[in-house]
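Descriptive structure summary
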Amino acid sequence: VALLGFAFFSTFKGVAGGNYVSTVTERDLSGNKSAADSKLLVVPFDDTTLHLNGSWSRAKAHSDFGGSHVQTSQKGASAHFTAKGRRYLVMVRTGDSFGKLAIFHGKKRVATADLFSAAPGHKLIDFFGAVVTTRKKRTFTFRCIGKHSPFGDRTTVNIDGMDVIR
């Protein structure tokens, strides 16, 4: 039995905040066609699109989307972001020096994330919306709210980017 393997590669330039659907089907040598399989590709907004208030700094890291993230350890420092969509996610870094991040839509807190973890890493936080949520422009504020626990001094918050599903 001989197997033939074919690979198809396609490159395109996506835009920040872009949502793209890739659909693939396959056809065997007898002409039988498979069911289509589709995947959503979301190109994030980079941390450079955030409007920063308080003491933030930008740090470069090869593992970050766009090569950088913003960081703060100042309680109350905030960053806001506006985009049109249905569902919103934020990409953050985690580790043993990290504290808590609060996420607001207007004045309403919609999520609180504890960014502490024993090992360094990245986390994608799905904080607002669903497929059935009305698509419209929304503004969110990310705020450093302090310590991981009342017994520690870990307060760092890093934001790498935001995914918006349209």
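Residues numbered from 1 in each chain as written. Predicted model: local features only at pLDDT ≥ 70, side-chain atom pairs only at ≥ 80, totals over all residues. Heavy atoms only, no water.

1. Remarks on the overall build of the protein
Looking only at helices and strands, one finds zero helices and 13 strands in the protein. Helices (α) and strands (β) of the protein occur, in sequence order from the N terminus, as β-β-β-β-β-β-β-β-β-β-β-β-β. Scaling as 2.2 N^0.38, a compact globule of 166 residues should have a C-alpha radius of gyration of about 15 Å, whereas the protein reaches 20 Å, well beyond that. A principal-axis box enclosing the C-alpha atoms of the protein has dimensions of 65 × 35 × 25 Å. Burial analysis of the protein (166 residues in total) assigns 38% to the buried set. Sequence separation of at least 24 residues holds for 66% of the intrachain contacts in the protein that already meet a minimum separation of 6. Accessible surface, the protein: about 10300 Å² in total, of which carbon and sulfur atoms supply 54%. Distance from the positive charge centre (24 side chains) to the negative charge centre (12 side chains) of the protein: 11 Å. (Helix = DSSP H or I, 4+ residues; strand = E, 2+ residues; numbered from the N terminus. Rg over C-alpha atoms; globule rule 2.2 N^0.38 Å. Buried < 20%, exposed > 50% of the residue type's maximum accessible area, 1.4 Å probe, protein only. Contact = heavy atoms within 4.5 Å. Areas by Shrake-Rupley, 256 points an atom, 1.4 Å probe, with all protein chains shown as cover. Lys, Arg positive; Asp, Glu negative; His and termini not counted. Charge placed at Lys NZ, Arg CZ, Asp CG, Glu CD.)

2. A word on the pattern of salt bridges
Taken as a whole, this structure holds four salt bridges when the rule is applied. Aspartate 64 is paired through a salt bridge with arginine 93; the nearest N and O atoms lie 2.8 Å apart. Here aspartate 64 is found in the loop between β5 (57-60) and β6 (68-72), whereas its partner arginine 93 is found in strand β8 (residues 87-94), with 29 residues between them in sequence. A salt bridge links aspartate 126 to arginine 87; its shortest N-O distance comes to 2.5 Å. With aspartate 126 in strand β11 (residues 121-129) and arginine 87 in strand β8, this pair connects stretches of sequence that are 39 residues apart. Residue classification places aspartate 126 among the partly exposed positions, given a relative accessible area of 41%. (Salt bridge = Lys/Arg side-chain N within 4 Å of Asp/Glu carboxyl O.)

3. Describing the confidence of the model for the protein
In the predicted model, the protein carries a mean pLDDT of 90, and the fraction of residues at 70 or more is 92%. The spread of mean pLDDT over the elements of the protein runs between strand β1 (residues 19-24), the lowest at 88, and strand β4 (residues 51-53), the highest at 98. (pLDDT = per-residue confidence, 0-100.)

4. Section: the environment of lysine 60
Locating lysine 60 in the fold gives a position in strand β5. Taking C-alpha positions, lysine 60 is 8.8 Å from valine 70, a pair spaced ten residues apart along the chain. Once residues lying within four places of it in the same chain are set aside, the contact partners of lysine 60 are Gly67 and Ser68.

5. Observations concerning the sheet that holds strand β12 (residues 136-146)
Spatial ordering of the open sheet is given by β4-β7-β12-β9-β10, a layout of five strands whose pairing is antiparallel. The open sheet has two free edges, formed respectively by β4 and β10 (108-114), since each of these has just one partner strand. Averaged over all pairs of adjacent strands, the angle between strand axes in this sheet comes to 25°, irrespective of strand direction. Pairing analysis gives six bridges linking strand β9 (residues 100-105) to β12, with the strands arranged antiparallel. Residue pairing in the sheet places leucine 101 in a bridge with cysteine 144 of β12. (Pairing = 2+ DSSP bridges. Axes fitted to C-alpha atoms, helices over the stretch in contact; angles between N-to-C directions.)

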